[in-house]
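Residue strings, one per chain:
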Amino acid sequence: MNATIARQHDESWRARFQEWWFRCRSWIGFLFILPWFAGFVIFDLMPFAYNLYLSFTDYQIGTQGAPPWIGLENYLEIFTKDKLFSKSMYNTVYYLGFSVPLRLIFAFLIALLLNMRVRGMELYRTLFYVPSVVPLVAATLIFAGLLNTRYGLFNHVFLLVGLPPVRWLSSPDWIKPSLIILSLWGFGAQMIIFLAGLQSIPSDLYEAVAIDGGGGLRRLRHITLPLMTPTIFFNLLIGVIGGFQIFAQVFVMVGVDGGPLGAGLVYMMHVYNKAFRDFEFGYAAALSVILFSIIFALTVALVYTSNRWVFYGDGAEDAA
Amino acid sequence: MIENPAARRIRQLFVYSALTLGAVVMMVPLLWTVSTSLKTRDKVSIRQLELIPDPIHWQNYVDIFTKQPVLQQARNTMVIVAASLFGALVPCTLAGYAFARIPFPGRRLLFGLLLATMMLPYVVRLIPLFLFFDEIGWTRTFGPLVLPRLLGHNAFYIFLYRQFFRGIPNDIYDSARIDGCSELGVWWRIFMPMSIPVIAAVSIFAFEFAWNDFLNPLIYLGSNRDLWTLALGLNALRGFEGADGSLNLVMTFSMLMIIPMLVVFYFGQKHLISGVTAQGSLKG
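Residues numbered from 1 in each chain as written. Chains lettered and ligands numbered in written order. Predicted model: local features only at pLDDT ≥ 70, side-chain atom pairs only at ≥ 80, totals over all residues. Heavy atoms only, no water.

Q: Where do I start with the overall build of chain A in this structure?
A: Helix and strand content of chain A: 13 helices and zero strands. Its helices and strands in sequence order give chain A the pattern α-α-α-α-α-α-α-α-α-α-α-α-α, from N to C terminus. Compactness check: chain A gives a C-alpha radius of gyration of 27 Å against a globular reference of 20 Å for 320 residues, more than 25% above the reference. Here the C-alpha coordinates of chain A stretch approximately 105 × 75 × 35 Å along the principal axes. Residues classed as buried in chain A amount to 50% of the 320 residues present. (Helix = DSSP H or I, 4+ residues; strand = E, 2+ residues; numbered from the N terminus. Rg over C-alpha atoms; globule rule 2.2 N^0.38 Å. Buried < 20%, exposed > 50% of the residue type's maximum accessible area, 1.4 Å probe, protein only.)

Right, here's the structure in full:
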């Protein structure tokens, strides 16, 4: 009897030791992620917190010591006095509202076509993808040339088919469409993601529909679309988050003031101007907090409603 | 499904014409760029369709080096690219490996934070980071552009690695560990060699994002012309020459920025798709 207790005692000690040893070893895991974690603290966490704090202060260039705390004044000014706030928000949402859905549709349609066991698929895929590889500044300048009112290719084609030429970059009405056209040229990255998703759909599912006598449209409606909803969701989310932060294209194409009547003044440009031209860092921080809140709310809303339309075939196991 | 041959023929015809039309439209801006980069100055500002310029003005590709210090800008850009590649190859793979394989305390929480930072827009970090780097005297240096990249500060890369590593069978990991291989050994000798597709894909992204970055060099290096990157140089060239002036040279410079990207893409493209999508990385 005593011997049994002693053995149990002994084993429990051993188990505890093993557990302790296992824990120690597992700290190696923490060591592995240390560079990322350091970066997370320095470049994500602290800036995020400090940005929030700044937004309640009147931090300007040359402010010494702690910036003066002004509470909600920045926010009040933004919502009541700042005309460029609503203008730049409108411009950004306008851009997003067209650019994101159009990109998704083009990317999805081309991916569908490419997935139809087309001969020369690799070549077509490359041709559609290559524009997305073109550096943004170069792509923007290329389109600035193509959209030039006097000698650009777009107006050339317009004249050939009998349409009046358009003042793409010098008329307030056409700056945003120009930016949308530029964004469409880069749908290749999303197309690749769609294509990969399409190729992972098991072909026996299609065969099952075919046996039931279903044609192409039914396959699309009942197999492809439901199984592609996670990919569509992913692309939508990334597209919206990216679209809100459009900057370089506008900077290069129409300049910091957003072109004639500020028709191209996007939200990020407003933040940039406030911070790096007017040096009103506190005010710019408040602007950025508002943009963050909008993106955050939208992300939460998308994720929340995604339960209704996104189909996760393999359960939530992967999300752990 | 048995389809009658005529319908099939028509369908194929439709698919090929749609794809070809689309591909041509996508290629026109690039062809126009190549063509314009080889035109003389007086040819660019007249409305005239001319795919192959006459004369072909190769001199643009010589002149551009006198308009901007292109070589210096290329070197500066490569410094940032190199930091980005190092970060993508070492710290990011280590972190991805730990998140995929090592059950350390707090892993779930930390991985949740990692995913959260993927959704964190850059704009909320822009101003505090600038003030921070200004405080320690790093503006007008490569520091702010290089340090985050050296640390592998990119949640997206780590996420891609983690998804790929999770797809590597447990048996391989277990047997290596039983044979006395350390975690570091498993990472370096087994997981890294088995993960060439995802490593290639992430490296392409790392190259591309560093090569194309505009906002950060603009803010930190804008006032220090010696450290300008190609993206800043290209933007400035357009500004100096005016909107109409030397469009041919602007396109020549654009070509100099596009060609390296095309080379990188050409060598990496076969991994790009398999690396990003392996093991359902989009479902996490």
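Q: Just checking my understanding: could you explain the nonpolar core for this structure?
A: One recurring pattern in soluble globular proteins: nonpolar side chains tend to sit buried together. Residues Met191(A), Tyr272(A) and Phe214(B) are the most contacted members of the largest nonpolar core, which totals 185 residues. The element that contributes the greatest number of residues to this core is helix α3 (residues 83–114) of chain A, accounting for twelve residues. Summarising the domain contributions, this core has at least three residues from each of domain 1 (1–54) and domain 2 (73–319) of chain A. Every residue in contact with Phe214(B), bar those within four places of it in the chain, is listed here: Val137(A), Phe247(A), Ala248(A), Phe251(A), Val252(A), Ala231(B), Leu232(B) and Asn235(B). (Core = buried A, V, L, I, M, F, W, Y, C linked by side-chain atoms within 4.5 Å. Domains from an automatic or database assignment. Contact = heavy atoms within 4.5 Å.)

Q: Looking at this structure, I do not really get the confidence of the model for chain B. What am I missing?
A: Residue and element names in this part refer to chain B. Averaged over every residue, the pLDDT of chain B is 88; the share at 70 or more is 93%. Within chain B, the element-level pLDDT minimum falls on helix α2 (residues 41–44), averaging 81, and the maximum on helix α4 (residues 70–89), averaging 97. Long-range and interchain partners of residues 279–284, a stretch whose pLDDT sits below 50, account for 18 contacts in this model, where long-range means more than four residues apart. Here the complex is predicted with pTM 0.88, and the ipTM for its interfaces comes to 0.90. (pLDDT = per-residue confidence, 0-100.)

Q: How do you make sense of the side chain of Thr299(A) when you look at a structure like this?
A: If you trace the backbone, Thr299(A) turns up in helix α13 (residues 281–309). For Thr299(A), a relative accessible area of 11% corresponds to the buried category. If near-sequence neighbours (up to four positions away) are discounted, Thr299(A) is found in contact with Leu237(A), Ile241(A) and Met119(B).

Q: Could you clarify how one ought to interpret helix α7 (residues 175–184) of chain A in this entry?
A: One turn of the α-helix equals 3.6 residues, which is why residues spaced by three or four share an orientation. Residues and elements named next belong to chain A. Counting buried residues in α7 gives nine out of ten residues, a clear majority hidden from the surface. Within the sequence span of α7, burial applies to Ile 175, Lys 176, Pro 177, Ser 178, Leu 179, Ile 180, Leu 182, Ser 183 and Leu 184. Check the buried side of α7 and you find it contacts α3, α5 (136–146) and α11 (248–254).

Q: Please clarify how the packing of α3(A) against helix α10 (residues 216–244) of chain A should be interpreted in this entry.
A: Helix-helix packing is described using two parameters, namely the angle between the two axes and the distance between the axes. Residue and element names in this part refer to chain A. Direction vectors running N to C along α3 and α10 enclose 145°, while the axes themselves pass 10 Å from each other. Two packed elements cross with a definite hand, and for α3 against α10 that hand is right-handed. For the pair α3 and α10, contact is made by Met 89, Thr 92, Val 93, Tyr 95, Leu 96, Val 100, Leu 104, Phe 108 and Leu 112 and by Leu 220, Thr 224, Leu 225, Met 228, Ile 232, Asn 235, Leu 236, Gly 239, Val 240, Gly 243 and Phe 244, respectively. Looking at the contact of α3 with α10 residue by residue, the class counts come to 15 nonpolar, five polar and no charged. (Axes fitted to C-alpha atoms, helices over the stretch in contact; angles between N-to-C directions. Left-handed = near helix turned anticlockwise from the far one by under 90°. Nonpolar A, V, L, I, M, F, W, Y, C, P; charged D, E, K, R; others polar.)

Q: Would you take a moment to explain the interface of chain A and chain B for this structure?
A: Listed as interface residues are 95 residues of chain A and, on the opposing side, 96 residues of chain B. Among the residues of chain A in contact with chain B, Phe32(A), Trp36(A) and Phe43(A) are the three that bury the most area, contributing 10% of the side total. At the boundary of chain A with chain B, the tally comes to one salt bridge. We note a salt bridge from Asp44(A) to Arg125(B), for which the minimum N-O separation is 2.7 Å. Along the contact surface separating chain A from chain B lie ten residue pairs in polar contact (both at pLDDT 80 or more). It is helix α1 (residues 2–54) of chain A that provides the largest number of residues to the side of chain A that touches chain B, a total of 22 residues. (Buried area = accessible area lost by both parts, 1.4 Å probe. Salt bridge = Lys/Arg side-chain N within 4 Å of Asp/Glu carboxyl O. Polar contact = N/O pair within 3.5 Å; in protein donor to acceptor, adjacent residues only side chain to side chain.)

Q: Explain the environment of Trp32(B) here, please?
A: With respect to the element layout, Trp32(B) can be found in helix α1 (residues 5–37). Classification of Trp32(B) as buried rests on a relative accessible area of 12%. Each C-alpha atom, one on Trp32(B) and one on Asp54(B), is 14 Å from the other, the two residues being 22 residues apart in sequence. Discounting residues that sit within four places of it in the chain, Trp32(B) has contacts with Ile142(A), Gly145(A), Leu146(A), Leu153(A), Leu247(B) and Met251(B).

Q: Quick question: what am I supposed to make of the domain arrangement of chain A here?
A: Interface size is commonly expressed as the accessible area that is lost once the parts come together. Residue and element names in this part refer to chain A. According to the domain assignment, chain A contains domain 1 (1–54) and domain 2 (73–319). Using only C-alpha atoms to locate each centre, domain 1 and domain 2 end up separated by 42 Å. Summed over both partners, the interface of domain 1 with domain 2 buries about 400 Å², with 65% contributed by carbon and sulfur atoms. Counting every contact that joins domain 1 to domain 2 gives zero salt bridges. Along the contact surface separating domain 1 from domain 2 lie one residue pair in polar contact (both at pLDDT 80 or more). Split by residue class, the side of domain 1 that touches domain 2 holds three nonpolar, one polar and no charged.

Q: I would appreciate a short explanation of the environment of Phe111(B) in the present structure.
A: Its location among the elements puts Phe111(B) in helix α6 (residues 107–118). Sequence separation between Phe111(B) and Gln73(B) is 38 residues, and the spatial gap between their C-alpha atoms is 37 Å.

Q: Quick question: what am I supposed to make of the pattern of salt bridges here?
A: Oppositely charged side chains may form a pair once their charged atoms are brought near each other. Residue and element names in this part refer to chain B. Overall, the coordinates contain five salt bridges over all chains when judged by the stated rule. Two residues, Glu 183 and Arg 177, come together in a salt bridge whose shortest N-O distance is 3.4 Å. Taking relative accessible area as the criterion, Arg 177 reaches 22% and is therefore assigned partly exposed.

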